[in-house]
Every structure is written in C-alpha cells, then in structure tokens.
Amino acid sequence: MTVTASLLLGAFVGAINAVAAAWTARIAMAGEPGKALHLVLGGMVVRMVVILGTVAAVLALLPVHRGAFIIGLGFLFVCGLLAEIAIVFSRSSGTSQPPADA
C-alpha cells in the first residue's frame, strides 16, 4: 500500500472517530446535565476500544505504511478530541451559573 493510501486510510479512521466524538458530545449536552459527563466519558471509552481494535487489525492485516497511517489517524483524532472539548465547554459554560453568595 502506498504512503498516500496509508495516510488516507488513517485519516478516514480518524475522521470516523471525530464524527462519533462530536455526535456523542452533542447528544450528551442536549440531555440532563447530571448525565452529560457520564455519556461523554462513556462514549470516549467505547470509541477508544473500537479505535484500538481497528488500528490493531489494520496494522496486522494490511500492508500499510505504518508511519503514514498513524500520522493520518493521529491528526484527525486530535481534531476530533478538540471538537469534542469545544462542544462540551461551549454548552456547559452557557448553562452553568455561579453559586450565589449569601
């Protein structure tokens, strides 16, 4: 497999993770505030397990250029993580109110 194909395959896997991260964060922030953190962290754990299995299968079964695959995956993985954090912070900062001083 060429370097370009390996990079694109890694980017594709990373993009799927990024979309799932943004979707999970939006669903969690739309629900009850008490359950939002559990949904975000639970979704992250599930995604990590799936990504780990996918990366292990790709590296074991396909003749990919490992460096290019990991760079493509890593770049979009970080982009998805930043998007998820931005969604959580933007929604939580708009709904939370500081405690009233007595």
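Source: prediction; values computed, not measured. (Residues numbered from 1 in each chain as written. Predicted model: local features only at pLDDT ≥ 70, side-chain atom pairs only at ≥ 80, totals over all residues. Heavy atoms only, no water.)

## Thoughts on the overall build of the protein
When helices and strands are counted, the protein shows 3 helices and 0 strands. Ordered by position in the sequence, the α and β elements of the protein form the string α-α-α. Counting across all 102 residues of the protein, residues that qualify as buried make up 27%. Of all intrachain contacts in the protein linking residues separated by at least 6 positions in sequence, the fraction that spans at least 24 positions is 75%. Just so you have it, the protein exposes about 6700 Å², and 77% of that area is on carbon and sulfur atoms. (Helix = DSSP H or I, 4+ residues; strand = E, 2+ residues; numbered from the N terminus. Buried < 20%, exposed > 50% of the residue type's maximum accessible area, 1.4 Å probe, protein only. Contact = heavy atoms within 4.5 Å. Areas by Shrake-Rupley, 256 points an atom, 1.4 Å probe, with all protein chains shown as cover.)

## Some thoughts on the side chain of Ser-6
Within the fold, Ser-6 resides in helix H1 (residues 3-30). Excluding anything up to four places from it in sequence, Ser-6 contacts Met-1, Val-64, His-65, Ala-68 and Phe-69.

## What about the packing of H1 against helix H2 (residues 33-61)?
One way to put it is that H1 packs onto H2 with a least axis distance of 9 Å and a crossing angle of 165°. For the element pair H1 / H2, the angle class is roughly antiparallel. Here H1 runs over H2; the crossing is right-handed. Contacts from Leu-9, Val-13, Asn-17, Ala-20, Ala-21, Thr-24, Ala-25, Ala-28 and Met-29 of H1 reach H2 at Ala-36, Leu-39, Val-40, Gly-43, Arg-47, Ile-51, Thr-54 and Val-58. Broken down by class, the residue content of the contact of H1 with H2 amounts to 12 nonpolar, 4 polar and 1 charged. (Axes fitted to C-alpha atoms, helices over the stretch in contact; angles between N-to-C directions. Parallel < 35°, antiparallel > 145°, perpendicular 65-115°, else oblique. Left-handed = near helix turned anticlockwise from the far one by under 90°. Nonpolar A, V, L, I, M, F, W, Y, C, P; charged D, E, K, R; others polar.)

## Structural notes on H2
With 29 residues, H2 should reach 42 Å at 1.5 Å per residue; the first-to-last C-alpha distance of 42 Å fits that figure. Of all the residues in H2, the buried ones are Ala-36, Val-40, Gly-43, Arg-47, Ile-51, Val-55 and Val-58. (Expected span 1.5 Å × (residues − 1).)

## A look at the pattern of salt bridges
For the coordinates displayed, the defined rule picks out 1 salt bridge. In this structure, the salt-bridge partner of Arg-47 is Glu-84, at a minimum N-O distance of 3.0 Å. Of this pair, Arg-47 sits in helix H2 while Glu-84 sits in helix H3 (residues 66-95), and the two are 37 residues apart along the sequence. For Arg-47, a relative accessible area of 9% gives the class buried. (Salt bridge = Lys/Arg side-chain N within 4 Å of Asp/Glu carboxyl O.)

## Considering the environment of Ser-90
By the element assignment, Ser-90 lies in helix H3. Spatially, the C-alpha atoms of Ser-90 and Met-29 are 9.6 Å apart, while their sequence positions differ by 61 residues. One polar contact links the side chain of Ser-90 to the main-chain carbonyl oxygen of Ile-87, over a distance of 3.0 Å. (Polar contact = N/O pair within 3.5 Å; in protein donor to acceptor, adjacent residues only side chain to side chain.)

## Overview of a nonpolar patch on the surface
On the surface, a nonpolar cluster with roughly 460 Å² of combined accessible area is contributed by Val-78, Leu-81, Leu-82, Ile-85 and Phe-89. Along the polypeptide, Leu-82 turns up in helix H3. Overall, Leu-82 belongs to the exposed group, its relative accessible area being 54%. (Patch = residues over 30% accessible without salt bridge, like charges linked within 9 Å, V, L, I, M, F, W, Y side chains within 5 Å.)

## Side note on the side chain of Asn-17
Locating Asn-17 in the fold gives a position in helix H1. Sequence-distant contacts of Asn-17, that is, excluding residues within four places in its chain, are made with Arg-47, Ile-51 and Phe-77.

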